[in-house]
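# Results of the structural survey
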Amino acid sequence: MGSRKKQSAEARKEARKNVAIAQLRNYPTSPRKMRLVADMVRGMDVEKALYLLKYSPKHASIPMEKLLRSAINNWEQKNEGERIEDAGLYVSSIQVDSARMLKRIQAAPQGRAHRIRKRSNHVTIVVDARNNDEAAAESNEVNE
């Protein structure tokens, strides 16, 4: 491996040290419904996002809460000895993609048939620790 390639690989590895990822595959809810829940918590602090998901009436909030807890646990495994409260964890990105689609037939009048598409989705959530500079800038914006 060339020296430049090795340096850039080490830089990427160091950048991803504070990042934890969790994925949910083939969940049988339409991506549109899951995106509504994902948009609610994108960019929030982890504690606030967990509270919001726990008390949200939307059905898709249940698996999203489990996924967020999984991402937090992954972060704890990567960063042993650090506390979540001190790190200032937040949901840096959530991505909802469509997954396989089950195609079914429903009987229609006059001998016809309609296609029913049962959609499912993939969700990827990334939890990151806020830098002290970012946290200070954000607190200044709130105070003003």
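Every chain begins its residue count from 1, and numbering advances along the sequence as written. Per-residue local features of the predicted model are confined to residues with pLDDT of at least 70, and side-chain atom pairs are confined, for both listing and counting, to 80 or more; whole-chain, interface and lining totals are unaffected and use all residues. In computing side-chain properties, one takes all heavy atoms of the structure into account and sets aside hydrogens as well as water.

### Brief notes about the nonpolar core
To keep it simple, the criterion reads: Throughout, nonpolar core names a set of buried Ala, Val, Leu, Ile, Met, Phe, Trp, Tyr and Cys residues whose side chains join them through atoms within 4.5 Å. For each residue, the accessible area found with a 1.4 Å probe, counting protein chains only, is set against the maximum for its type, and the residue is called buried under 20%, exposed over 50%, and partly exposed in between. What counts as a helix is a DSSP run of H or I of at least four residues, what counts as a strand is a run of E of at least two, and both are numbered from the N terminus. Residue contacts are defined here by distance: any two heavy atoms, one from each residue, within 4.5 Å place the two residues in contact.
By size, the foremost hydrophobic cluster in this structure holds 29 residues, and its most contacted members are Leu 68, Ile 94 and Ile 125. Put simply, the parts of the chain that give this core at least two residues each are β1 (20–27), α2 (31–41), α3 (46–54), α4 (61–78), α5 (84–87), β2 (89–107) and β3 (113–129). Those residues in contact with Ile 94 that lie beyond four places of it in its chain are Ala 38, Val 41, Arg 42, Val 123, Thr 124 and Ile 125.

### What to know about helix α1 (residues 3–15)
To keep it simple, the criterion reads: In this scheme, a helix's expected span is set at 1.5 Å multiplied by one less than its residue total.
The terminal C-alpha atoms of α1 lie 18 Å apart, and with 13 residues this matches the ideal 18 Å at 1.5 Å per residue to within 8%. The element α1 is largely exposed, with a buried count of zero among its 13 residues.

### Focus on the sheet that holds β3
Defined as follows: Any two strands between which DSSP finds at least two bridges are classified as paired. Here, axes are lines fitted to C-alpha atoms. For helices the fit covers the stretch in contact, and angles between N-to-C directions go from 0 to 180 degrees.
The antiparallel open sheet is built from three strands, whose spatial order is β1-β3-β2. Looking at strand neighbours, the two that pair on one side only are β1 and β2, the edges of this open sheet. For this sheet, the mean angle separating the axes of adjacent strands, direction not counted, is 10°. Here β2 runs beside β3; their pairing, made up of 16 bridges, is antiparallel.

### Points about the side chain of Arg 130
Counting through the fold element by element, Arg 130 comes out in the loop between β3 and α6 (132–143). Given the relative accessible area of 16%, Arg 130 is considered buried.

### Notes on α4
In a regular helix each residue adds 1.5 Å, so 18 residues correspond to 26 Å; α4 covers 26 Å between its end C-alpha atoms and thus fits that length. Among the residues making up α4, those that are buried are Ser 61, Pro 63, Met 64, Glu 65, Leu 67, Leu 68, Ala 71, Ile 72 and Trp 75. Looking at the buried positions of α4, the neighbouring elements they touch are β1, α2, α3, α5, β2 and β3.

### Focus on a positive patch on the surface
Operational definition: In this analysis, a patch consists of residues with relative accessible area above 30% that form no salt bridge, clustered at 9 Å for like charges and at 5 Å for the nonpolar side chains Val, Leu, Ile, Met, Phe, Trp and Tyr. The accessible surface values rely on the Shrake-Rupley method and a 1.4 Å probe; as for residues, cover is taken only from the protein chains in view. Between Lys or Arg on one side and Asp or Glu on the other, a salt bridge is scored when a side-chain nitrogen of the former is within 4 Å of a carboxyl oxygen of the latter. Positive: Lys, Arg. Negative: Asp, Glu. His and the chain ends are not part of the count. The atoms used to mark charge sites are NZ of Lys, CZ of Arg, CG of Asp and CD of Glu.
Taken together, the side chains of Lys 103, Arg 115, Arg 117 and Arg 119 present a region of like positive charge at the surface. Per-element accounting of the positive patch gives the leading share, three residues, to β3. Mapped onto the elements, Arg 119 comes out in strand β3.

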